[in-house]
Amino acid sequence: MPPPPPSPAPRDPVQQVLACFDAYSRARGARDGLLSAARVSPREEQRAFDDLRRAVEQLRAAT
């Protein structure tokens, strides 16, 4: 049995916050989108916000 692949390196906390902010921003923008296929549910928007909040907390803890 081959060894498991190495886990990805932890992301830079600032880059993580930027990536989560971008995802949350896209979710907010898509919330009221004209195309139903592009819309996100309130649950998906909340998940993106929670991810952003966690990333900010990790950044604060790292400084």
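Residues numbered from 1 in each chain as written. Predicted model: local features only at pLDDT ≥ 70, side-chain atom pairs only at ≥ 80, totals over all residues. Heavy atoms only, no water.

Peer 1: What's the story with the environment of Leu-59 in this structure? I'm lost.
Peer 2: On the secondary structure map, Leu-59 appears in helix α2 (residues 42–62). A sequence separation of 43 residues divides Leu-59 from Gln-16, and the C-alpha atoms of the two residues are 8.5 Å apart. Those residues in contact with Leu-59 that sit more than four places away from it in its chain are Pro-13, Val-14 and Val-17. (Helix = DSSP H or I, 4+ residues; strand = E, 2+ residues; numbered from the N terminus. Contact = heavy atoms within 4.5 Å.)

Peer 1: Explanation requested: the environment of Pro-13 in the structure shown.
Peer 2: Relative to the helices and strands, Pro-13 resides in helix α1 (residues 13–31). Residue classification places Pro-13 among the partly exposed residues on the basis of a relative accessible area of 26%. Distance in space between the C-alpha atoms of Pro-13 and Glu-57 is 9.4 Å, their sequence separation being 44 residues. Dropping the residues within four chain positions of it, Pro-13 is found in contact with Leu-59 and Ala-62. (Buried < 20%, exposed > 50% of the residue type's maximum accessible area, 1.4 Å probe, protein only.)

Peer 1: Would you mind showing me how to read the side chain of Glu-45 here?
Peer 2: Within the element layout of this structure, Glu-45 appears in helix α2. Among all residues touching Glu-45, those that are not within four sequence positions of it are Tyr-24, Ala-27, Arg-28 and Arg-31.

Peer 1: So what exactly am I meant to see when it comes to the pattern of salt bridges here?
Peer 2: Oppositely charged side chains can form a pair if their charged atoms are brought close together. Evaluated as defined, the whole model comprises five salt bridges. Of the charged contacts in the structure, one is a salt bridge between Arg-26 and Asp-22, with a shortest N-O distance of 3.1 Å. Within this pair, Arg-26 and its partner Asp-22 are both found in helix α1, separated by four residues, close to a single helical turn. For Arg-26, a relative accessible area of 53% puts it in the exposed group. Looking at Asp-22, the relative accessible area reads 40%, which means it is partly exposed. Here Asp-50 makes a salt bridge to Arg-53, at a shortest N to O gap of 3.3 Å. Of this pair, Asp-50 and Arg-53 are both found in helix α2, three residues apart, which corresponds to roughly one turn of the helix. (Salt bridge = Lys/Arg side-chain N within 4 Å of Asp/Glu carboxyl O.)

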